[in-house]
There are 2 protein chains.
Amino acid sequence: MRELTRAEEEVMQVLWKLKKGFVKEILELFDEPKPAYNTVSTIVRILQDKGFVSHKAYGRTHEYFPLISKNEYSKMHLSTFVNDYFSNSFEKMVSFFAKEKSISVKEMEEIMKIMEGEVKKQKAK
Amino acid sequence: MRELTRAEEEVMQVLWKLKKGFVKEILELFDEPKPAYNTVSTIVRILQDKGFVSHKAYGRTHEYFPLISKNEYSKMHLSTFVNDYFSNSFEKMVSFFAKEKSISVKEMEEIMKIMEGEVKKQKAK
DNA sequence: AATATACAACGAATAAATTAGTTATGCAAC
DNA sequence: GTTGCATAACTAATTTATTCGTTGTATATT
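What counts and what doesn't
- Just so you know, the residues in each chain are numbered from 1, in the order the chain's sequence is written.
- Lettering for chains starts from A, numbering for ligands starts from 1, and both go in the order in which the items are written.
- The model is predicted, so local features are restricted to residues of pLDDT at least 70 and side-chain atom pairs to those at 80 or more, both for listing and for counting; the totals for chains, interfaces and linings are taken over all residues.
- Calculation of side-chain values draws on the structure's entire complement of heavy atoms; hydrogens and water are dropped beforehand.
- Lines are fitted to the C-alpha atoms to define the axes, a helix being fitted only along its stretch in contact, and any angle between axes, read from their N-to-C directions, falls within 0 to 180 degrees.
- Counting from the N terminus, the helices are the DSSP runs of H or I reaching at least four residues and the strands are the DSSP runs of E reaching at least two.
- Each angle receives one of four descriptions, namely roughly parallel if under 35 degrees, roughly antiparallel if over 145, roughly perpendicular if within 65 to 115, and oblique otherwise.
- The contact criterion used throughout is that any non-hydrogen atoms of two residues lie within 4.5 Å.
- Three residue categories are used. Nonpolar comprises Ala, Val, Leu, Ile, Met, Phe, Trp, Tyr, Cys and Pro, charged comprises Asp, Glu, Lys and Arg, and polar comprises the others, including Gly.
- Nearness is defined per residue: one heavy atom within 4 Å of the molecule or strand is enough.
- In protein, a polar contact requires one atom able to donate a hydrogen and another able to accept it; more generally it is a pair of N or O atoms within 3.5 Å, and residues adjacent in sequence count only if both atoms are side-chain atoms.

Participant: Summarise the packing of helix α4 (residues 70-85) of chain A against helix α5 (residues 90-99) of chain B; cite the residues concerned and give the values.
Facilitator: The N-to-C vectors of α4 of chain A and α5 of chain B enclose an angle of 90°; their axes lie 12 Å apart at closest approach. Accordingly, the angle class assigned to the pair α4 of chain A and α5 of chain B is roughly perpendicular. In this structure, α4 of chain A contributes Asn71, Ser74, Lys75 and Leu78 of chain A to the contact, and α5 of chain B contributes Met93, Phe96 and Phe97 of chain B. Partitioning the contact of α4 of chain A with α5 of chain B into residue classes produces four nonpolar, two polar and one charged.

In structure tokens, the structure reads:
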């Protein structure tokens with residue numbers, strides 16, 4: 001699975017939001033200055049070649065939809081990042097950001113609560 | 001601050017490891033198949049133009065060093081990611097990976113321990 | 001049926017990134 | 001000082017990504 005280029009990623013973000021959409025609909029969700037219709041159309045077809053999206057045809061018009069979910073992609077993407085920047089350790093990464101105060105106390109408490117639940121669930125097995 | 005391209009990132013990873021280095025030394029740390037000397041030299045000069053590295057000159061030879069630390073860059077990079085994929089919430093991101101079992105119980109316990117420490121430290125203020 | 005409209009497909013033009021050859025200069029060895 | 005080597009600077013070539021104009025066809029409108 002390849003990484004998305006910048007332009008590709010923008011289109012995917014829109015498609016993830018829409019679930020499915022025609023080029024016209026995708027275009028509408030772009031901020032100004034919007035790219036040309038053809039630009040989006042091309043990118044979406046490239047994404048299709050690369051296996052990130054597929055489409056359903058209604059006559060000659062195509063409704064595109066993602067083949068990879070935002071969650072799947074972010075999982076893949078973060079794994080690469082954690083591997084490259086934190087020697088593949090989630091713990092190192094999270095600790096780093098906790099210490100850097102990028103995570104608020106409220107967030108940390110919430111995270112701990114969820115982790116306790118997960119740990120309990122895992123250990124119950 | 002721009003994002004690094006793939007080739008640029010590889011050079012930066014080496015420079016972060018070396019702390020500082022001549023093109024020749026950077027080249028040595030590359031896996032086979034190593035790029036050409038000139039390729040690394042060019043990339044390092046581009047990195048310099050973009051403000052990611054600088055150099056100290058010894059006569060005609062240049063010793064390059066990062067202007068941005070690996071930690072700084074990863075912070076910037078992850079912030080963008082968290083913003084784009086988890087509506088800017090670290091909590092959402094970490095919870096997601098905890099639930100996805102990408103984080104082991106041992107790691108979670110370690111993370112919780114560190115967070116408890118951080119929370120205490122923050123609250124003490 | 002003729003015209004207008006909408007859209008996919010194609011492909012050209014440009015821009016950005018990557019790779020490496022060539023050149024020039026300084027230094028070392030002889 | 002002449003030769004050879006190392007390396008920075010420059011430049012060319014290639015590849016990949018981005019953007020959008022053009023074309024052809026289907027469908028809707030009159």
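From this point, the narrative continues.
Participant: Explain the protein's contact with DNA strand D to me, using residue names and the numbers behind them.
Facilitator: Taken together, 19 residues form the shell around DNA strand D, and within it Thr5, Asn38 and Thr42 of chain A together with Tyr37 and Arg60 of chain B come nearest. When atoms of DNA strand D within 4 Å of the protein are sorted by moiety, sugar and phosphate together comprise 60%. For DNA strand D, a phosphate oxygen lies 3.1 Å from a polar atom in the backbone of His62 of chain B. Of all the secondary structure elements, the ones that give two or more residues to the surface near DNA strand D are α1 (6-18) and α3 (37-49) of chain A together with α2 (23-28), α3 (37-49) and β2 (61-66) of chain B. Top element by residues in the surface near DNA strand D is α3 of chain B. It accounts for four residues. When grouped by side-chain class, the residues that make up the surface near DNA strand D number five nonpolar, eight polar and six charged.

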